[in-house]
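# An overview of the molecular structure
Spelled out, the chains give:
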Protein chains: 2
Amino acid sequence: MEKKKTSPNISKNFMNHNHELCVESSLKDFKQHFIEKELKLTPLRLKVFQLLLKDHRPLGAYQILDLLRKDGFSSTPPIAYRVLDFLIEHGFVHKIKKLNAFVACSHPGNSHSPTFMICRKCEKVAEINEKESGLKFNKETSSEFKIEEAIIEFIGICKNCIKLEVI
Amino acid sequence: MEKKKTSPNISKNFMNHNHELCVESSLKDFKQHFIEKELKLTPLRLKVFQLLLKDHRPLGAYQILDLLRKDGFSSTPPIAYRVLDFLIEHGFVHKIKKLNAFVACSHPGNSHSPTFMICRKCEKVAEINEKESGLKFNKETSSEFKIEEAIIEFIGICKNCIKLEVI
DNA sequence: TAAGTCAATGTTATATTATAACATTACTAC
DNA sequence: GTAGTAATGTTATAATATAACATTGACTTA
Ligand SMILES: [Zn+2]
Ligand SMILES: [Zn+2]
Ligand SMILES: [Zn+2]
Ligand SMILES: [Zn+2]
């Protein structure tokens, strides 16, 4: 049986989609990158990543701690922040500055400067890569300033929530 | 005596420039907008804005409070946050999410989604408008998501700090 | 296997950033 | 002058994040 290779869709996270498949695929990538990079996949790291995969909504550090507590993990602030730092450093998680919250990366394993779309209504987030976003800034600017990191977050309303508003 | 009208320069804030003129001009604009919009220019609002004009470096709320204290103003947190909220709401100040800090707006009076360049070495910040930044994102993306607000911050190293590093 | 080492996690305490809720002041309008 | 209102003052606390040190457990190596 051949797997369907769907083209990347900016709106996927906001719309109905096969989220089980979505999680499964992310998790597989996640584990694969740990193997390739010879990182240690501990229960805590796996658990935090799984929490972040739940529904494309970012989680705050203290929300994560609450969920860890329920699952019998230790749950003092450094636990969450350390694991998040690790996952961010290795490109598995991003922080959404607008929300002081964290999301699982959609293109894990590669360090990159992602662009986020944040729906203020359903609170879901989609990460889009440079090609999809079509974001460009002019050459002159680059010569004036050597960019090392970019924070790009668009806040607005998603296709699905627009549709619901119209009804 | 005729005033020189310099064209907007992305790097100005990072380089040597006539900062006295820079402050004077910003302050004049600031006051003018209060008159035009019939806002109340209180000593506190003026003071906070002046603090933010000092040297193109963002200030945290608690730094502002320390400076207010030194000048005999009340200095409990809500004082700073309320004035900052007011100044942000009316487009005189922006918050830099990367730094949890605040800067005076370079194009005050108009609500807009600015782009920031943040030098990690000298810690100065420059705001550039949409025309200067050359930032564009493709139409397809826009139809997928209705953008209402954009957070765009580039972190890197400025022209002046690059120069100093090379020496 | 015993001792050493190191990364990961656990724990306590505290720093930093931000807001809620209510009190007072001072200007305006009637 | 009294009432209404915007601004500021005050107290308390919420929310987010880090510092510093202790313990564990896996792996090394002698
Ligand atoms: Zn999904
Ligand atoms: Zn939505
Ligand atoms: Zn200047
Ligand atoms: Zn610099």
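Above this note sits the structure.
Residues numbered from 1 in each chain as written. Chains lettered and ligands numbered in written order. Predicted model: local features only at pLDDT ≥ 70, side-chain atom pairs only at ≥ 80, totals over all residues. Heavy atoms only, no water.

## So, the protein's contact with DNA strand D
Taken together, the neighbourhood of DNA strand D is formed by 15 residues, with Tyr-62 and Lys-95 of chain A together with Thr-42, Thr-76 and Arg-82 of chain B sitting nearest. When atoms of DNA strand D within 4 Å of the protein are sorted by moiety, sugar and phosphate together comprise 47%. Note that a phosphate oxygen of DNA strand D is positioned 2.3 Å from one of the side-chain N or O atoms of Lys-95 of chain A. Secondary structure elements with two or more residues in the surface near DNA strand D: helix H4 (77-89) of chain A together with helix H2 (43-52) and helix H4 (77-89) of chain B. Per-element accounting of the surface near DNA strand D gives the leading share, four residues, to H4 of chain A. Of the residues assigned to the surface near DNA strand D, the class counts are seven nonpolar, four polar and four charged. (Near = heavy atom within 4 Å. Polar contact = N/O pair within 3.5 Å; in protein donor to acceptor, adjacent residues only side chain to side chain. Helix = DSSP H or I, 4+ residues; strand = E, 2+ residues; numbered from the N terminus. Nonpolar A, V, L, I, M, F, W, Y, C, P; charged D, E, K, R; others polar.)

## Observations concerning the packing of H2 of chain B against helix H3 (residues 61-70) of chain B
Residue and element names in this part refer to chain B. Following both chains from N to C, one finds H2 and H3 inclined at 120°, their axes separated by 11 Å at the closest point. When the interaxial angle is binned, H2 and H3 end up oblique. Judged by the twist between their axes, the crossing of H2 over H3 is right-handed. Only Ile-64, Leu-67 and Leu-68 of H3 make contact with H2, whose side of the interface consists of Leu-44, Lys-47, Val-48, Leu-51 and Leu-52. (Axes fitted to C-alpha atoms, helices over the stretch in contact; angles between N-to-C directions. Parallel < 35°, antiparallel > 145°, perpendicular 65-115°, else oblique. Left-handed = near helix turned anticlockwise from the far one by under 90°. Contact = heavy atoms within 4.5 Å.)

## Things to note about the coordination of the zinc ion (ligand 1)
Each donor-metal-donor angle in an ideal tetrahedron of four donors is 109.5 degrees, and each such angle in an ideal octahedron of six donors is either 90 or 180 degrees. Residues and elements named next belong to chain A. With distances of 1.9 to 2.3 Å, the protein atoms coordinating the zinc ion (ligand 1) are His-17 (NE2), His-19 (ND1), Cys-22 (SG) and His-56 (NE2). Coordination at the zinc ion (ligand 1) is tetrahedral: its four donor atoms span angles of 103 to 118° at the metal. Written as a sequence motif, the donor residues of the zinc ion (ligand 1) are H-x1-H-x2-C-x33-H. Since its relative accessible area comes to 25%, His-17 is described here as partly exposed. (Donors = N, O, S within 2.8 Å, 3.2 Å for Na, K, Ca; no water. Tetrahedral: all angles 85-135°; square planar, octahedral: opposite > 155°, others 65-115°. Buried < 20%, exposed > 50% of the residue type's maximum accessible area, 1.4 Å probe, protein only.)

## Some remarks on the environment of Asp-55 of chain B
Residue and element names in this part refer to chain B. For Asp-55, the position within the fold is in the loop between H2 and H3. Expressed as a C-alpha distance, the spacing of Asp-55 and Asn-13, which sit 42 residues apart in the sequence, is 8.3 Å. Non-local contacts of Asp-55, meaning those with residues more than four positions away in its chain, are made with His-19 and Lys-124.

## As for the protein's contact with DNA strand C
Surveying the vicinity of DNA strand C reveals 15 residues, the closest of which are Thr-42, Thr-76 and Arg-82 of chain A together with Tyr-62 and Lys-95 of chain B. Near the protein, within 4 Å, the atoms of DNA strand C are sugar or phosphate in 48% of cases. In the model, a base nitrogen of DNA strand C is placed 2.6 Å from a nitrogen or oxygen of the Tyr-62 of chain B side chain. Separating a phosphate oxygen of DNA strand C from a side-chain N or O atom of Lys-95 of chain B is a distance of 2.2 Å. Counting only elements with at least two residues in the surface near DNA strand C, the list comes to helix H2 (43-52) and H4 of chain A together with H4 of chain B. Ranked by residue count, the leading element in the surface near DNA strand C is H4 of chain B, at four residues. A per-class count over the surface near DNA strand C returns seven nonpolar, four polar and four charged.

## Things to note about the coordination of the zinc ion (ligand 3)
Residue and element names in this part refer to chain B. Only His-17 (NE2), His-19 (ND1), Cys-22 (SG) and His-56 (NE2) from the protein coordinate the zinc ion (ligand 3), and they sit 1.9 to 2.3 Å from it. Relative to the metal, the four donor atoms surrounding the zinc ion (ligand 3) lie at angles of 103 to 117°, and the coordination shape comes out tetrahedral. Along the chain, the residues donating to the zinc ion (ligand 3) fall in the pattern H-x1-H-x2-C-x33-H.

## Comments concerning the nonpolar core
If you look at the biggest cluster of nonpolar residues, it comprises 28 residues, and the most contacted ones within it are Phe-14, Cys-119 and Cys-158 of chain A together with Phe-14, Cys-119 and Cys-158 of chain B. Residue assignment for this core shows that the elements contributing at least two residues are strand S3 (115-119), strand S4 (125-128) and strand S5 (145-158) of chain A together with strand S3 (115-119), strand S4 (125-128) and strand S5 (145-158) of chain B. Contact partners of Phe-14 of chain B, with chain neighbours within four places excluded, come to Phe-145 of chain A together with Met-117, Cys-119, Cys-122, Lys-124, Val-125, Ala-126, Cys-158 and Asn-160 of chain B. (Core = buried A, V, L, I, M, F, W, Y, C linked by side-chain atoms within 4.5 Å.)

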